[in-house]
Every structure is written in C-alpha cells, then in structure tokens.
Amino acid sequence: MGKRQEKAFAEYQCLAGLDDGCCFETDLLSVDLRGALHRQTIPSGRILEKGPTFRLPCDAESVGACYPEMSRELVLAPDWGSAFRDPFGKRPTTVFCYLMDPATHAHYPHDPRAIARKAEQHLRETRVATESQWGVELQFFLGKRCGKEWTAPDSHRSRAMRTQITETLERTGIEVVRHREVVPGLCAFTLRHKPLLAACDQLMIAKYVITRTCERARLRVEFCPTVPWVRDATASMHMHVSLWKHGQPLFYNRGTAGFSELATTFFNGVLERAPSLAAIVAPSLAADSLPGGPTMGIRTPHDLGDRNARRIAISVPDPSANPYLACPAILMAGLAGESDGTTMGYSDLHALLFRADKPADNRAFMHAGDVFSEATLRAYANLLRNSDSP
C-alpha cells in the first residue's frame, strides 16, 4: 500500500470522526454509465476494523452495473481521497468508490470512475502533459408549483436559493467561482477548476447538493437541455479544459493570439471528432439538433492576459451528460488531434467553426490507452436506445 493511500485514509478517519472514538455511518457512492449515483451505507466502525484495504461486496444490479456479458458479483473499493462531509443528515461521511472484480481485483470495465482514471493515466503516458484541468459551468432549471403547472421562480427567490446552494457547497469543500441567473428559471454555477477525476466528483456532489437544497425549498430542479416552463432557453454544461506539465500551462504561447501549437491541435481534434462525441457529451440531444451543429460548441475564451487561464471551452455538453465519460471523451479527441499534428493559423479557427461539411463518425480514437473499450461503448449506446435520456 502506498503512502498516498495511507495518508488519504488518515484524512478520511479524521473527517469521519473515527479518531475521536465516534462511530458514525459512511456512505459509499458508485456511478453507473447513465451518470446516476448509487449509495451503500455502512457503520464507519466496519471500515476501521479493516483499515485502508476495506472492500464491500455487492450485487451488480444494486449499483446499476448489471450487463449480460459481465459478472453479477462486484466489489466496492473506496477512493479515500474523494471523501467529503455530506451537508445533509447527522455527520455522515461520503466516499466515492471504484467497482472491481472480486476474482481478478481488476477495475470493472464499465465503471465510469475507472474510465476517468484511465484517461488521466493515458495522458501521462503520452508525455504530452502530466494533467488536464477542468472548470465546469453547470446550468439547470428551477421551477415552482403554481396551481397544476410549473413556472419559473422570481429573481429574488432564485438569488436566495443560489446563495443557499453556494453556502452548502462550501461546507463540502467545493469552491463556487460565481453563480448567475441566465434567464428566469435557468441558473448557472461555475465551479473551481480541478484535475479530471476530481472535477467529475465535484460535479456529481454539486448536482446532489443543488437537488437536495432545492427540494427542501419545494422547488423543482431539472438537469436537462429544455423544460416546458422556460421557453426559448437551453441549458448546457460548459467545460473549460487546459493541459499542464509539471505545473506549467501548455496552451499558452507568446505568439499569435497567445495560443500554443498544442492548443490549436487539441482544438482541431475536438472539432474533427464532434460527431463521435455528440452521443456522450450531449445524450439528451440528437447531434443534428445542436445549435449550429456539433462544430459550433467550442471556443477560446478571453483570459485577460493571464497565461494560466489560457483554455478551450466546449459548450455542447448538456447537464444530463455523465462527466466521467464526457471529460475523458473530449480529452481523447483533443489528444488524437495532437497526434495527427494538424495545426491552423489563428485566422483559420473562425473559418473551421463555420465549415459546411461534417466529418464521419469514428470512435477509434477512444480506444487509445484502453480508456474506452468497445464493449463499454456498445453498452452505453444500448442505454441510449432503450431510454429517453441516460
């Protein structure tokens, strides 16, 4: 066992109050391909007995991971570094888990968190960068009951709810950069950027906190592109990504427009593979229905001269997307662009956004580093076919 895991477990013990001799409960969270959370609750004392090597056997169906070709028996392996204090209830501690095969001790192929972790490992193995940073603006709809219909709450109530949500998120350790009302009934929260897996965990916690806080105020929350009570408005999930190597930003360059060659090849890679990304990053929308087509949802935000803020923003993802799949897919597309080595001058970027032709769907780039298996992509595609949204 590594020192990092021992340190993470010690921090979990402190957070859970085990160092004080207290015995509270711990929630073990797992995520399925749809992006839904599954919760197993156990006394924290059971974890203390086993220590950092604690594992919890579970049935695949209980964690939304029941597939014909896969084992029905799985094991929850806590990721101690992801522990956080649940702001609801009586001092519960929550830990995200990996799904593992009890016989081989290998990661379950359809585990979204394992996919996100493999994407981070693949990035390091390419030696292009040591990490990717992800800042997310999460948009969602708020509704209040008005007779038999739902309507948008007034701006004062929306502001009060956003402030309450921010205060609750801060108690879990999540930093809100800003929040705003896009239009009446449509809110947006921008979360502090973090490495890929941590950013995905942060987003899932944010969704949970937003939902619970608003439900207590008898408000309805929808993480989807459109709702009947807010017309002419579409919710999205803006993802801001940048690559770093040993603490240095790789998308910055003093040359034309301040963008490095890596930034332009990454940018081009995402654009070229937009049709392949659409089902994963925007599962609630058909690719052809995206505003302006799938090649329109990527831009280069102004950074006000801050070299560390040089990034690429992808606004196609919708709030229902599973971040553990969407972020790795975008990263793999960008790395494929870097591998192709296709570069563009600054004047070509705008023209590329408005090109008329649409490249063919090709998912081969997702298989690099064994990040996405073909079986996982097929299983995810079947979920989309068998339901209105994942």
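Okay, so let's go over this structure. Since this is a predicted model, take the numbers as computed values, not measurements.

Here we take up helix H1 (residues 3-16). Under the 1.5 Å per step criterion, the end-to-end length of H1 is 20 Å for 14 residues, consistent within 8% with the ideal 20 Å. Among all positions of H1, only Ala8, Phe9, Tyr12, Gln13 and Ala16 are buried. One side of H1 holds all its buried residues, which, seen down the axis, span an arc of 145°. Exposed residues lying more than 90 degrees from the buried face of H1 are Lys3, Arg4, Lys7 and Cys14. Structurally, H1 contributes buried residues whose contacts are with strand S1 (25-31), helix H2 (44-50), strand S5 (84-85) and strand S6 (93-100). Backbone geometry just downstream of H1 places Gly17 in the positive-phi region, at approximately 80°.

Turning our eyes to something else, we now look at the environment of Gly337. Of note, Gly337 is situated in helix H8 (residues 323-340). A relative accessible area of 1% places Gly337 in the buried class. The spatial distance from the C-alpha of Gly337 to the C-alpha of Asn268 is 6.0 Å, given a sequence separation of 69 residues.

For soluble globular proteins, the rule of thumb is that nonpolar side chains tend to be buried together. The biggest cluster of nonpolar side chains holds 106 residues, and the ones touching the most others in it are Trp134, Phe140, Leu243 and Leu331. Here the element with the most residues in this core is helix H5 (residues 196-216); it accounts for 12 residues. Contacts of Leu331, omitting those with residues within four sequence positions, involve Ala119, Leu123, Ser132, Trp134, Leu196, Leu243 and Phe266. Core analysis: the second largest hydrophobic core is formed by 8 residues, Phe141, Cys224, Trp229 and Ala235 among them.

What follows is about the pattern of salt bridges. Taken as a whole and judged by the stated rule, the model has 11 salt bridges. One salt bridge connects Arg180 with Glu137, and the closest N-O pair in it is separated by 3.2 Å. With Arg180 in strand S9 (residues 176-183) and Glu137 in strand S7 (residues 131-146), this pair connects stretches of sequence that are 43 residues apart. In this structure Arg180 comes out as partly exposed when scored by relative accessible area, which is 27%. The salt bridge involving Glu374 is made with Arg363; its shortest N-O contact spans 2.8 Å. Residue Glu374 is located in helix H10 (residues 374-385), and its partner Arg363 is located in the loop between helix H9 (346-353) and H10; the two are separated by 11 residues in the primary sequence. What makes Glu374 partly exposed here is its relative accessible area of 29%. A residue is classified by how much of its surface remains accessible, and Arg363, at 30% relative accessible area, is partly exposed. Here the salt bridges share partners, and the residues they tie into one network are Asp27, Arg39 and Asp86.

The next subject is the side chain of Ser320. Of note, Ser320 is situated in the loop between strand S16 (312-314) and H8. Within the local environment of Ser320, its side chain forms a polar contact with the side chain of Ser284, the two groups lying 2.7 Å apart. In this structure the side chain of Ser320 is engaged in a polar contact, spanning 2.4 Å, whose partner is the side chain of Asp318.

Let us now look at the packing of aromatic side chains. Aromatic rings considered in pairs are described by the distance between their centres and by the relative angle of their planes. Evaluated as defined, the whole model comprises 9 aromatic pairs. Ring centres 6.2 Å apart and planes at 35° place the aromatic pair Phe84 and Phe96 in the tilted group. Taken together, the residues Phe84 in strand S5 and Phe96 in strand S6 connect sequence positions 12 residues apart. Residue Phe84 shares its accessibility class with Phe96, and that shared class is buried. With a centroid separation of 5.7 Å and 90° between ring planes, the pair formed by Phe88 and Tyr208 is classed as edge-to-face. Here Tyr208 lies in helix H5 and Phe88 lies in the loop between S5 and S6, a separation of 120 residues in the sequence. Taken as a pair, Phe88 and Tyr208 share a single burial class, namely buried. Among the aromatic side chains, those forming a connected cluster through ring pairs are Phe9, Tyr12 and Trp80.

For the rest of this paragraph, the subject is the environment of Ala36. Within the secondary structure, Ala36 sits in the loop between S1 and strand S2 (37-43). Separated by 168 residues in sequence, Ala36 and Met204 place their C-alpha atoms 8.9 Å apart. Among residues more than four places away in sequence, those in contact with Ala36 are Ser30 and Val31.

With that settled, consider the pairing of S7. Buried residues dominate S7, accounting for 12 of its 16 residues. With 8 bridges joining them, S7 and strand S13 (residues 237-245) adopt antiparallel strand pairing. If you follow Ser132 over to S13, its bridge partner there is Leu243. The sheet contact formed by S7 and strand S11 (residues 194-195) spans 2 bridges and is antiparallel. Of the residues in S11, the one forming a bridge with Gln133 is Pro195. Bridge count for S7 against strand S10 (residues 186-191) is 5 bridges, and the pairing is antiparallel. Looking at the pairing, Phe141 lines up with Leu186 of S10. Both S7 and strand S12 (residues 219-222) contribute to a ladder of 4 bridges, which runs antiparallel.

Thresholds, definitions, all that
- Residues numbered from 1 in each chain as written.
- Predicted model: local features only at pLDDT ≥ 70, side-chain atom pairs only at ≥ 80, totals over all residues.
- Heavy atoms only, no water.
- Helix = DSSP H or I, 4+ residues; strand = E, 2+ residues; numbered from the N terminus.
- Expected span 1.5 Å × (residues − 1).
- Buried < 20%, exposed > 50% of the residue type's maximum accessible area, 1.4 Å probe, protein only.
- Arc of directions from axis to C-beta.
- Contact = heavy atoms within 4.5 Å.
- Core = buried A, V, L, I, M, F, W, Y, C linked by side-chain atoms within 4.5 Å.
- Salt bridge = Lys/Arg side-chain N within 4 Å of Asp/Glu carboxyl O.
- Polar contact = N/O pair within 3.5 Å; in protein donor to acceptor, adjacent residues only side chain to side chain.
- Phe/Tyr/Trp six-rings, centres within 6.5 Å; stacked < 30°, edge-to-face > 60°.
- Pairing = 2+ DSSP bridges.

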